[in-house]
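# Geometric and topological summary
Residue strings, one per chain:
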Amino acid sequence: MGFFTDDFGRQTIAQKPNAPIVGWALLGAASFMALEEKNRRRLRLASSVCLAVWAALEVTAGQSGFRRSAGVMTLSWLWRRTSG
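A few points on the structure.

The next point concerns the overall build of the chain. What the chain contains, in helices and strands, is three helices and zero strands. Expressed as lengths along the three principal axes of its C-alpha atoms, the size of the chain is roughly 50 × 30 × 15 Å. Every one of the 84 residues in the chain was classed for burial, and the buried ones make up 27%. Excluding contacts between residues fewer than 6 apart, the proportion of contacts in the chain whose partners are at least 24 apart in sequence is 47%. Within the structure as shown, the chain displays about 6,000 Å² of accessible surface, and the carbon and sulfur contribution to it stands at 66%. Each charge class in the chain can be summarised by its mean position, and for the 11 positive and 5 negative side chains these summaries are 7 Å apart.

On the secondary structure map, G23 appears in helix α1 (residues 19–33). Relative accessible area serves as the criterion here: at 16%, G23 is assigned to the buried category. Measuring from C-alpha to C-alpha, the distance between G23 and L51 comes to 8.1 Å, with 28 residues separating the pair along the chain. When neighbours within four sequence positions are excluded, G23 is seen to be in contact with G28 and C50.

Here we take up the nonpolar core. Among the nonpolar cores identified, the biggest contains six residues, and these are I21, L51, W54, A55, A70 and L78. Contributing elements (two or more residues each) for this core: α2 (37–61) and α3 (65–83).

Let us now look at α1. In this model α1 runs 21 Å from its N-terminal to its C-terminal C-alpha over 15 residues, within 8% of the 21 Å that 1.5 Å per residue would give. All of the buried residues in α1 are P20, I21, G23, G28 and S31. Each buried residue of α1 lies within a common arc of 155° when the element is viewed along its axis, so the set occupies one face. Along α1, the residues that are exposed and aim more than 90 degrees away from the buried face are A19, L26 and M33. Of the surrounding elements, those touching the buried residues of α1 are α2.

Cut-offs and rules
Residues numbered from 1 in each chain as written. Predicted model: local features only at pLDDT ≥ 70, side-chain atom pairs only at ≥ 80, totals over all residues. Heavy atoms only, no water. Helix = DSSP H or I, 4+ residues; strand = E, 2+ residues; numbered from the N terminus. Buried < 20%, exposed > 50% of the residue type's maximum accessible area, 1.4 Å probe, protein only. Contact = heavy atoms within 4.5 Å. Areas by Shrake-Rupley, 256 points an atom, 1.4 Å probe, with all protein chains shown as cover. Lys, Arg positive; Asp, Glu negative; His and termini not counted. Charge placed at Lys NZ, Arg CZ, Asp CG, Glu CD. Core = buried A, V, L, I, M, F, W, Y, C linked by side-chain atoms within 4.5 Å. Expected span 1.5 Å × (residues − 1). Arc of directions from axis to C-beta.

Next up, the structure:
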């Protein structure tokens, strides 16, 4: 298995988006359109939670080293962003 391929030799860099990544994108876009600050904050939080779920799924079930690394880097970035 290569860094960018799965056990069957298929490249796994670009894949069909799953529910958490679609939720992240839609909630993130909605946060820019929210009129009230409290709604913007809630939508950004929900978007970040979706991104964290996606990253955790990639770390635990990613099909290649690239996908698992992307999950680790995303979780690290989210952690740094929230704790700083």
